[in-house]
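One letter stands for each residue in the lines below.
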Amino acid sequence: MTSQRVAAESSGTSDVSGTSGVSVDPALVEALMEDMLFARRASERLWNLQRQGRLATVPPLTGQEAAVVGVVRALDLSCDWLVPYYRDLLGLGALGDEFFEQVVAYWRGHPDGGRIPDGVRCMPVQIALASQIPHAVGLAWGLALQDDPGVVCTFIGDGATSEGDFYEGINLAGVVGAPLIIVCINNGWAISTPVERQTAAVSFAIKADAAGIPGVRVDGNDVLAVVDAARSARQRAAAGDGPTLIELVTYRMGAHTNSDDPTRYVPPEALQEWKQRDPIERFREQLRGANAWDDERHAAMVEVVDARLERIIASALAWPVDPAAALDHLSATSDARVTEQRAEIVHRAESGKT
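Residues numbered from 1 in each chain as written. Predicted model: local features only at pLDDT ≥ 70, side-chain atom pairs only at ≥ 80, totals over all residues. Heavy atoms only, no water.

1. Let's talk about the layout of surface pockets
And then number 1: Empty space within the second largest pocket amounts to approximately 180 Å³.
And then number 2: For the lining of the second largest pocket, a count of residues per class yields 8 nonpolar, 4 polar and 3 charged. (1 Å grid on protein atoms, 1.4 Å probe; cavity = no way out; pocket = protein on both sides within 12 Å on 5 of 7 lines; lining within 4 Å. Points joined across faces, edges and corners; volume = space filled by probe spheres on them. Nonpolar A, V, L, I, M, F, W, Y, C, P; charged D, E, K, R; others polar.)

2. A closer look at the confidence of the model for the protein chain
And then number 1: Across the protein chain, the average pLDDT comes to 91, with 93% of residues at or above 70.
And then number 2: Across residues 1-18, where pLDDT falls below 50, the model places 39 contacts with residues more than four positions away in sequence or in other chains. (pLDDT = per-residue confidence, 0-100. Contact = heavy atoms within 4.5 Å.)

3. Focus: the side chain of Ser131
And then number 1: Its location among the elements puts Ser131 in the loop between α4 (97-108) and α5 (132-145).
And then number 2: A polar contact is formed between the side chain of Ser131 and the side chain of Gln126, at a distance of 3.5 Å.
And then number 3: With near-sequence residues (within four places) excluded, Ser131 lies in contact with Gln126 and Asp165. (Helix = DSSP H or I, 4+ residues; strand = E, 2+ residues; numbered from the N terminus. Polar contact = N/O pair within 3.5 Å; in protein donor to acceptor, adjacent residues only side chain to side chain.)

4. Looking at the pattern of salt bridges
And then number 1: Within the structure shown, the criterion is met by 21 salt bridges.
And then number 2: A salt bridge links Asp295 to Arg288; its shortest N-O distance comes to 2.1 Å.
And then number 3: The salt bridge partner of Arg348 is Glu344, with a shortest N-O separation of 3.2 Å. Taken together, the positions of Arg348 and Glu344, both in helix α12 (residues 336-351) and 4 residues apart, correspond to about one turn of that helix.
And then number 4: On the basis of relative accessible area, Arg348 is assigned to the partly exposed category, the value being 33%.
And then number 5: Taken together, the shared-partner salt bridges in this structure form one network comprising Glu281, Arg284, Glu285, Arg288 and Asp295. (Salt bridge = Lys/Arg side-chain N within 4 Å of Asp/Glu carboxyl O. Buried < 20%, exposed > 50% of the residue type's maximum accessible area, 1.4 Å probe, protein only.)

5. Quick look at the packing of aromatic side chains
And then number 1: According to the stated counting rule, one finds 6 aromatic pairs in the structure shown.
And then number 2: Ring centres of Tyr251 and Trp274 lie 5.4 Å apart, and the angle between their planes is 10°; this geometry places the pair in the stacked category. Note that Tyr251 is positioned in the loop between β7 (244-249) and α9 (268-275) and Trp274 in helix α9, a separation of 23 residues in sequence.
And then number 3: Just above the ring of Trp274 sits the side chain of Arg277; from NZ or CZ to the centre is 4.4 Å.
And then number 4: Positioned above the aromatic ring of Phe38 is the side chain of Arg308, whose terminal nitrogen or guanidinium carbon lies 4.2 Å from the ring centre. (Phe/Tyr/Trp six-rings, centres within 6.5 Å; stacked < 30°, edge-to-face > 60°. Lys NZ or Arg CZ within 6 Å of the ring centre and 35° of its normal.)

Now the structure itself:
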């Protein structure tokens, strides 16, 4: 952890905005806590399922829950759109059980896992870094041209800011005034590449200057500060004032994915320091200080979250797999080649060949 990063993220500085008071709608408090607990338990539970060979890949969100949950809960999910990458998926519990069941099926490798349920305004997950930003810009621009009240929000990691799609996307968004929120989750690492090897800039938010759009840097472990920043960006976009780049400063308290070993490169003292800033425990203490939360209520919430997650997982793992379904969504209509390939897959499956 460099001195620049420590200085920028210490309390009381102007680089990272945060909030210490708690004065929010009780319903929002419940939603924020439930969503963060759900994301934490999903990260843990899906990680274990991957280790058992029941899921293919899992990118945990541990330690970064406030950054995703706070943004999502600041949106109007009845009209706004989400354009996700891979890590933010586990923080999208607010989109409902059917959506999250699809997420589990996706990480399972089920052919139908990438289909977004009807009525959910979310694009399919994108794995290639920053490649979803031009899509998000186009979607936002299209909404504006149709006088649709919706705003588009896309998430990226800090490593995605080194991609051409990032600069091209925010530049076009600025030129056309797209109603877009670009959320950069600065968790300190792009797999094993630390922030100081990613950019020489003093922050990722400052990169917004190149596109002529606002850039703000926020304490990503303070869920209320995240909500405030995202609400402001949404109001600006909805008013026709264009896009905003939000940098949320947090820390990846686990592996990049199940194929990664962070103990080989993450300084243990830095990890320990960030564990003291755990976003869930931080929010819990804030609420306790305001007499808005207690241990009994927390335990009851954990039970609700666990029961919900287990129902979703059980349902997703029970999905039957038709090998030929791998071809279902390749094209709108079938042709001779697809028909031939489907027949071959069915034949191989019935004969036990691979």
